[in-house]
Amino acid sequence: MSADTLSAPPRAVRFRGALLPLALFALLAVVPFVAGALGQPFYVSLFTRIMIFAVAALALDLVLGYGGMVSLGHAAYMGVGAYAIGILSFHGVDSGWLQWPLGIGAAALAALVIGALSLRTRGVYFIMITLAFAQMLYYTANALSTYGGDDGMTLWGRSSFSGLVKLSDARTFYWIVFAVLALSYLGLRRVVASKFGRVLRGCKENERRMAAIGYNTALYKLAAFVLSGALAGLSGVLLANHTEFVSPAYMSWVRSGDLIVMVVIGGLGTLHGPIAGAVLVLVLEEVLSKLTQHWWLIFGPLIVLTVWRAKGGVVRLFGGRA
Amino acid sequence: MTLLLVERLAKSFGAVAATRDLSLDVAEGSIHAVIGPNGAGKTTLVAQLAGELRPDAGHVLFDGRDVTRLPVHRRVRLGLARSFQISNTLLSFSLLENVALAVQARHGHSFRFWADASRDGRINAEALAVLQTVGLADRRDRLASEVSHGERRLLEIAIALATGPKMLLLDEPMAGVGPEEGQRMVEMLRTLRGRVTILLIEHDMDAVFRLADRITVLVYGRAIATGTPDEIRADAAVREAYLGEEDDELVA
């Protein structure tokens, strides 16, 4: 055994670990065809939405599952990304080449400022302060009367990419969101296994030890927070394009809670877990809310049961490796 | 030559003075032990030297530099590393990864987001060499949670060694270790003599008197005596203030 293969898991284990993520992406890939065959275009829209939230859940998992930072304000970065699109669209800037980088950049900047201040605290105080900052952004959005205030605002249309792709076509948009999700997933897999990711995982497990071997832990955690904020911003950019509407509700703390539910139910600290969680939560919401408006009465116990029976998330029921 | 110089260090927690007017110098290449009864302020001293606690007064000079106000990670980079009294390893990481993280820290910043860290041959090879030094190479792929208490004590030292220190602060490396593993630890520390300077906090008198070049005795946060093992054995103040009923141990 040579030194460079010391810690790599055997090929068979790695293959088995890849089965569930592959199955998930295969499921998402057949949705447009099934929807077409059934004559139910609504499914394309539903699963577009699911994948957009899966991107945000992935972003949250980086800080929550790998960095041990319980951020209860991640919807805010989605909201900032979405509002960037809304505001630019309002002023007649509809080029995606401008809108998308600005949306992502604005969310990253918000995460940088909020992260730098929040990471001075620990545990329950960190949860409170991320929540407080998210609420500040929520009420700021409410106060933006030019941009619809608490009613929100309808966009002129989806981003344009010099006529290269037409986002207004539901299927085209579906595949773009699919590609964003797949690339985010594959990219984050690299990141968590990289030197940076290894330091981040070390900080989650034992920050004092990491400082004692020479790491400026605050800096690594902040970098993860900004990366996560940027990715959540991207999901907000997609959401604004999908709904062609932005509203303060995108930033509500209930939304932040939903993201945590997706990550925890799916599987904290696994990257396919949050995707499975987004599918599960939003499909159940769709099905149950048709049955009754008190659907949380059914959904709540289901969450309790899942967390109880499947510690570590539903993906671990399938025996997949973290 | 003096590697670590502590000048008139003081630290209080409310009304309790944990460190009082403490001065100490550790010569490069030596093993300097700090002993003292429970509550003498040994762990508080280590925390101040490592940078986890800020002293109320006094200075810590390391390698000619005033490090009194430097944070932990900066001191480690200068070559001042510590081990913990209670094993403080990354339990869900393999032994190799625990050490590799310390090697990785020494190589500079870790803002590398793409390449698989576990396949970095240079880091793995260096980490393996350190595991060999402490005799844990054959356990490299075990998780830290799976190995014995004594092995985790050795891992604790391997991690500190992998940071490439000029000086190790060892906080009771023998704590909770059986006689056989304690022997293994003493042998291992002996092999480090001359290569790295050691400040050894230890309860095991037998180990202290076998290893140390110099010994400082701490009582109620104050250094009451410093000298060679023989001088400390003969010191009347030490016998009276600290050893008293433990006389036998001292002569042993």
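Residues numbered from 1 in each chain as written. Chains lettered and ligands numbered in written order. Predicted model: local features only at pLDDT ≥ 70, side-chain atom pairs only at ≥ 80, totals over all residues. Heavy atoms only, no water.

Engineer: Can you lay out the interface of chain A and chain B for me, pointing to particular residues and giving the numbers?
Structural biologist: Taken together, the contact between chain A and chain B spans 32 residues of the former and 43 residues of the latter. Carbon and sulfur atoms supply 56% of the area buried between chain A and chain B, which totals about 3,600 Å² over both sides. Where chain A meets chain B, there are four salt bridges. Our count for the contact surface shared by chain A and chain B stands at 19 residue pairs in polar contact (both at pLDDT 80 or more). Those elements giving two or more residues to the side of chain A that touches chain B turn out to be α6 (170–193), α7 (195–205), α8 (207–212) and α9 (217–243) of chain A. (Contact = heavy atoms within 4.5 Å. Buried area = accessible area lost by both parts, 1.4 Å probe. Salt bridge = Lys/Arg side-chain N within 4 Å of Asp/Glu carboxyl O. Polar contact = N/O pair within 3.5 Å; in protein donor to acceptor, adjacent residues only side chain to side chain. Helix = DSSP H or I, 4+ residues; strand = E, 2+ residues; numbered from the N terminus.)

Engineer: I'd like a description of the sheet that holds strand β4 (residues 57–62) of chain B, backed by residues and values.
Structural biologist: Two strands in a sheet stick together by hydrogen bonds in their backbones, pointing the same way (parallel) or opposite ways (antiparallel). Residues and elements named next belong to chain B. Across the sheet, which stays open at both edges, the four strands sit in the order β2-β1-β4-β5 with antiparallel pairing between neighbours. The sheet is open, and its two edges are formed by β2 (16–27) and β5 (65–66), each paired on a single side. The pairing of strand β1 (residues 2–13) with β4 spans five bridges and is antiparallel. When the bridges of β4 are listed, Leu4 appears paired with Phe62. In this fold helix α1 (residues 42–50) packs onto β1, β2 and β4, with an angle of close to 120° to the strand it touches most, β1. (Pairing = 2+ DSSP bridges. Axes fitted to C-alpha atoms, helices over the stretch in contact; angles between N-to-C directions.)

Engineer: Mind laying out the environment of Val99 of chain B, listing which residues take part and the relevant values?
Structural biologist: All names here are of chain B. If you trace the backbone, Val99 turns up in helix α3 (residues 95–106). Given a relative accessible area of 0%, Val99 falls into the buried group. Sequence separation between Val99 and Ala127 is 28 residues; the distance between their C-alpha atoms is 5.4 Å. If sequence neighbours within four positions are ignored, Val99 has contacts with Ala127, Val130, Leu131, Leu155, Ala158, Ile159 and Ala162. (Buried < 20%, exposed > 50% of the residue type's maximum accessible area, 1.4 Å probe, protein only.)

Engineer: Summarise the nonpolar core; cite the residues concerned and give the values.
Structural biologist: Soluble, globular proteins show a tendency: their nonpolar side chains are buried together. Counting residues in each nonpolar core, the largest one holds 156 residues, and the members touching the most others are Leu181 and Ile275 of chain A together with Val99, Leu168, Leu189 and Ile215 of chain B. It is helix α2 (residues 42–66) of chain A that provides the largest number of residues to this core, a total of 18 residues. Once you skip the residues sitting within four places of it in the chain, Leu189 of chain B turns out to touch Ile31, Ile157, Leu170, Pro173, Ile198, Leu200 and Leu211 of chain B. Formed by 23 residues, the second largest nonpolar core is a distinct cluster that contains Leu4, Val6, Val46 and Val67 of chain B. (Core = buried A, V, L, I, M, F, W, Y, C linked by side-chain atoms within 4.5 Å.)

Engineer: Talk me through the confidence of the model for chain A; I want residue IDs and the actual numbers.
Structural biologist: Residues and elements named next belong to chain A. Mean pLDDT for chain A: 92, with 94% of residues reaching 70 or above. Per-element mean pLDDT across chain A ranges from 84 in helix α12 (residues 296–309) up to 98 in α9. Throughout residues 1–7 the model reports pLDDT below 50, and contacts reaching past four residues in sequence, or to other chains, amount to 20 contacts. (pLDDT = per-residue confidence, 0-100.)

Engineer: Lay out unusual backbone geometry in plain terms, naming residues and giving numbers.
Structural biologist: Of note in this structure, Ser162 of chain A is not a glycine but carries a positive phi near 50°. Mapped onto the secondary structure, Ser162 of chain A falls in the loop between β1 (153–154) and α6. On the basis of relative accessibility, which here comes to 58%, the residue Ser162 of chain A falls in the exposed class. Its identity is not glycine, yet Glu172 of chain B carries a phi of approximately 50°, on the positive side. Classification of Glu172 of chain B by relative accessible area gives buried; the value is 8%.

Engineer: Run through the packing of aromatic side chains, naming residues and quoting values.
Structural biologist: The description of an aromatic ring pair uses the distance of the two centres, along with the angle that the planes make with each other. All names here are of chain A. Going through the model one piece at a time under the given rule, you end up with 21 aromatic pairs over all chains. Between Phe33 and Trp175 the ring centres are 6.2 Å apart and the planes differ by 50°, which places this aromatic pair in the tilted class. Here the residue Phe33 occupies a position in helix α1 (residues 11–38), and Trp175 occupies one in helix α6, the gap between them amounting to 142 residues. By relative accessible area, Phe33 is classed as exposed at 52%. When the ring of Phe42 is compared with that of Tyr43, the centres are 6.0 Å apart and the planes differ by 50°; the resulting orientation is tilted. The class of Tyr43 is partly exposed, set by a relative accessible area of 33%. Taken together, Phe25, Phe33, Tyr174, Trp175, Phe178 and Tyr185 form an aromatic cluster joined through their ring pairs. Taking NZ or CZ as reference, Arg158 lies 4.5 Å from the ring centre of Phe173, over its face. (Phe/Tyr/Trp six-rings, centres within 6.5 Å; stacked < 30°, edge-to-face > 60°. Lys NZ or Arg CZ within 6 Å of the ring centre and 35° of its normal.)

Engineer: A description of the packing of α6 of chain A against α9 of chain A should follow, citing residues and the corresponding values.
Structural biologist: When two helices pack together, their arrangement is captured by the angle between the axes and the distance separating the axes. Residues and elements named next belong to chain A. It is at 11 Å that the axes of α6 and α9 come closest, and there the two elements cross at 170°. Here α6 is positioned roughly antiparallel relative to α9, judged by the angle of their axes. Across from Phe173, Val177, Val180, Ser184, Leu188 and Val191 in α6, the residues of α9 making contact are Leu227, Leu231, Leu234, Leu238, Asn241 and His242. (Parallel < 35°, antiparallel > 145°, perpendicular 65-115°, else oblique.)

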